[in-house]
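Fold and geometry: a report
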Amino acid sequence: MVMLRELRRKYKAIYNDITDIDVILMDSLGIDKSKLFLNIPVAESSLREIEKKIARLNNGEPVSYITGRREFMSLEFRVNSSTLIPRADTEILVEEVIKRCSGTAPFIFEIGTGSGCIAVSLAHFIKSAKIAACDISDKALEIASLNSELNGTGEKISFFKHDIMKGFPEFDAVPDVVVSNPPYIKHKIIETLDRKVKDFEPLAALDGGIDGLDFYRKIIYSVKLNSGGLLALEIGYDQRESVENLMRDKFDDIKIIKDINANDRVILGLMR
Ligand code: GLN
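A few words now on the nonpolar core. Within the largest apolar cluster, 31 residues are counted, with the highest numbers of intra-cluster contacts made by Ile108, Leu122, Ile131, Ile157 and Val179. When near neighbours in sequence (up to four residues on either side) are disregarded, Ile108 contacts Cys101, Leu122, Ile126, Ala129, Lys130, Ile131, Ala132, Val177 and Val179. One finds Phe168, Ile220, Met247 and Met271 within the second-largest nonpolar core, a separate group that totals 30 residues.

Within the secondary structure, Ser64 sits in helix H4 (residues 63-67). The class for Ser64 is buried, based on a relative accessible area of 3%. Here the alpha-carbon distance between Ser64 and Cys134, two residues 70 residues apart in the chain, equals 23 Å. Beyond its immediate stretch of four places on either side in the chain, Ser64 contacts Arg69, Arg70, Val79 and Ile85. A polar side-chain atom of Ser64 sits 3.1 Å from a polar atom in the side chain of Arg70.

To continue, consider the packing of helix H1 (residues 4-14) against helix H2 (residues 19-29). It is the contact of H1 with H2, at a shortest axis distance of 11 Å, that shows an interaxial angle of 155°. Classified by the angle their axes make, H1 and H2 are roughly antiparallel. In this structure, H1 crosses over H2, and the sense of that crossing is right-handed. Counted together, Leu4, Leu7, Arg8 and Tyr11 of H1 and Ile21, Asp22, Leu25 and Leu29 of H2 form the full contact between these two elements. Within the contact of H1 with H2, the residues separate by chemical class into six nonpolar, no polar and two charged.

Here we come to the pairing of strand S9 (residues 230-234). With five of five residues buried, S9 is to be regarded as a mostly interior element. Neither face of S9 is exposed, since Leu230, Ala232 and Glu234 on one face and Leu231 and Leu233 on the opposite face are all buried. Here strand S8 (residues 177-180) runs beside S9; their pairing, made up of four bridges, is parallel. Bridged to Val179 within S9 is Ala232. When S9 meets strand S11 (residues 264-271), the two strands line up antiparallel, connected through five bridges. In the strand pairing of S11, Leu230 is matched with Leu270.

Turning our eyes to something else, we now look at unusual backbone geometry. A positive phi angle, near 60°, is found at Ser74, a position not held by glycine. With respect to the helices and strands, Ser74 occurs in the loop between strand S3 (69-72) and strand S4 (75-78). Owing to a relative accessible area of 64%, Ser74 belongs among the exposed residues under this scheme. Backbone geometry places Asp253, a non-glycine residue, at a positive phi of 50°. Tracing the chain through its elements places Asp253 in strand S10 (residues 251-258).

Scoring rules and cut-offs
- Residues numbered from 1 in each chain as written.
- Predicted model: local features only at pLDDT ≥ 70, side-chain atom pairs only at ≥ 80, totals over all residues.
- Heavy atoms only, no water.
- Core = buried A, V, L, I, M, F, W, Y, C linked by side-chain atoms within 4.5 Å.
- Buried < 20%, exposed > 50% of the residue type's maximum accessible area, 1.4 Å probe, protein only.
- Contact = heavy atoms within 4.5 Å.
- Helix = DSSP H or I, 4+ residues; strand = E, 2+ residues; numbered from the N terminus.
- Polar contact = N/O pair within 3.5 Å; in protein donor to acceptor, adjacent residues only side chain to side chain.
- Axes fitted to C-alpha atoms, helices over the stretch in contact; angles between N-to-C directions.
- Parallel < 35°, antiparallel > 145°, perpendicular 65-115°, else oblique.
- Left-handed = near helix turned anticlockwise from the far one by under 90°.
- Nonpolar A, V, L, I, M, F, W, Y, C, P; charged D, E, K, R; others polar.
- Pairing = 2+ DSSP bridges.

Dropping the structure here:
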């Protein structure tokens, strides 16, 4: 029987970066990082599973789709090819909304929830929040609901199917916060994206139309918030000016937050 230490040594000789392989090893063997360096035996059946998963990795598939899991805001999320893989950049959007909601009991509406990572994190960290979250994709809504159940926020979030391009939905109460990481990649740019993204992630979650701004236009024109209500959006690194221009007619106190690479990443404004 092959031993884990020997196996890692072999992979290290073939692939110099084995970060993703370690994720596969931990997932397939059901071990955490602390056990990765122990010399435990790897059963023949596990080895076959590991090699199959490494073949998928070699084919360019993102490791999160292979394991079906991804961490976001220190919570665990299930993901599959019908949802975007949660990005570290999006944690900035979530953290900012959490900061601004502290001490309140907000009604938050999320547009285009995908895996549900934004809605579930907000529900987890803002104890008294009530959340509604929509997506156009039934398959994404299934995963989002599962993630909400797995993270214990099932009671606080209601997921529903809705195409925001058809208009802003009616609620019993006007939301205090509207949050979204909409598709924002320019249509033409999609084919130039990393293969990992363009061949595996759902295009509907990426494609923002000819200028990448289709969803911002629709959200900003149709959004219903009370005066002082917060709109919080993730944006592409080069979209600050365009989105700010779209918001200026209706919003005050527009603020931009940069990501760790110093790119503009989040825009926030208060409804006038
Ligand atoms: N940040 C994602 C990417 O660059 C895009 C996410 C989006 O369109 N909302 O792949």
